[in-house]
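Coordinate inspection notes
Listed below, chain by chain, are the residues.
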Amino acid sequence: MALRWGIIGPGKISHDFATALATIVNDSGERLHKVVAVASSSAERAKEFATKHGIEHALSSYEELVKLSEVDVVYVGSLHPNHVEHSRLALNHGKPVLCEKPMTVTSKEAREVCALAKSKGLFFMEAVWSRFLPAYRYMLEVIQSGVIGEARVVQVSFGFNPVEKVDRLIKKEKAGGAILDIGIYVLNVALMAFGDNMPEKINASGYLYDTGVDHTTSMTLLFSEERLASLNISVNTAYPNEAYILGSKGWVKIAAPFWCSTRVEVSDGTVKEFPLPDAPFPFVFPNSCGLRFEAEEVRRCLSEGLKESRIMPHSTSLLFQDILAEVRKQIGVTMPQDSQ
């Protein structure tokens, strides 16, 4: 039987997620995931999304969605500041949750959401989809094989210059800025390469918009055993968008766009490609068909009765939040949620 999803927030990432779900079928061609409901503050947007994706319930009430018995799990694809509210709503109505990153704006909020999920005995996972991509699983295999020796340095850049400066990137009330929008992606590479552990030292510097959120930030993370991560992000400058893990004997490269890459190169000449299947609609963002892998992790975890993913556990979400909170503090980025 297909896993039945309810989607909160019919935005661009939710479109890509619903489209990726449609590509997941069993050997008989039967779909393993189905979106049965979508909710928005705009009834018109919900109806438009539902019509496009063949969804039965188009709702203008989030509470109505989480009360539906047909919904097995909720995908929170709303704007960053609303993630905590919508995750709580779903959990309080007995629904497991896959929440887009960042799951919350602050560490305090993240701890509260994880604690709520545990108290309710419900599955909760932050949607850091890179972790589940075949390219990233292969990257880990390369490191663990010893072919590059000891992993010592991680270098990652993620930067783009959008044609239009959208509110989501520049306004505090939208939890904008490079750190909260794309910081998790560069940090994720470092933590996967070095293990999900807190750095011994964090040094950060950057530049802010007049709105008080960062547009360009540089982070240097020092880990135990003299390991270092150099991470650079920007929402107003184009970067190569590649990731390197450098070892004592060689290196492994996650090709651009590294956060959703389908290609891994190794210093010994090995090149691995991980093509994605065709989808029923065009995607908004690159390689979004890869969202299918995090959805399959949710299905697997729920079928096994797990309350969190071993690949993306709560502890890693809290680690992300704690590190990015320190980065924000060092460069002077504050959010309204920090004082709550």
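Our subject is the structure listed above.
A few points about the sheet that holds strand β11 (residues 243-247)
Pairing in this open sheet of 8 strands is mixed, and the strands run β8-β9-β10-β7-β11-β12-β13-β14 from one edge to the other. Looking at strand neighbours, the two that pair on one side only are β8 (201-208) and β14 (271-273), the edges of this open sheet. Mean inter-strand twist for the sheet, computed between neighbouring axes without regard to direction, equals 10°. Pairing analysis gives 8 bridges linking β8 to strand β9 (residues 214-223), with the strands arranged antiparallel. Along β9, the bridge assignment pairs I202 with L221. The strands touched by helix α6 (residues 134-145) are β7 (151-159), β11, β12 (251-254), β13 (263-266) and β14; relative to β12, the strand with the most contacts, the crossing angle is about 175°. Relative to β8, helix α10 (residues 314-331) is tilted by about 55°, and along the sheet it contacts β8 and β9.

Let's talk about the sheet that holds strand β1 (residues 3-8)
Strand pairs in the sheet, formed through backbone hydrogen bonds, run parallel or antiparallel to each other. Overall, parallel pairing links the 6 strands, which are arranged β3-β2-β1-β4-β5-β6 in an open sheet. Of all the strands in the sheet, the pair left with one neighbour each is β3 (57-59) and β6 (124-127). Between one strand axis and the next, the sheet turns by 25° as a mean value, whatever way the strands run. Judged from the 3 bridges that link them, strand β4 (residues 73-76) and strand β5 (residues 97-100) form a sheet pairing that is parallel. Residue Y75 lies in a different strand from β5, and its bridge partner there is L98.

What counts and what doesn't
Residues numbered from 1 in each chain as written. Predicted model: local features only at pLDDT ≥ 70, side-chain atom pairs only at ≥ 80, totals over all residues. Heavy atoms only, no water. Pairing = 2+ DSSP bridges. Helix = DSSP H or I, 4+ residues; strand = E, 2+ residues; numbered from the N terminus. Axes fitted to C-alpha atoms, helices over the stretch in contact; angles between N-to-C directions. Contact = heavy atoms within 4.5 Å.

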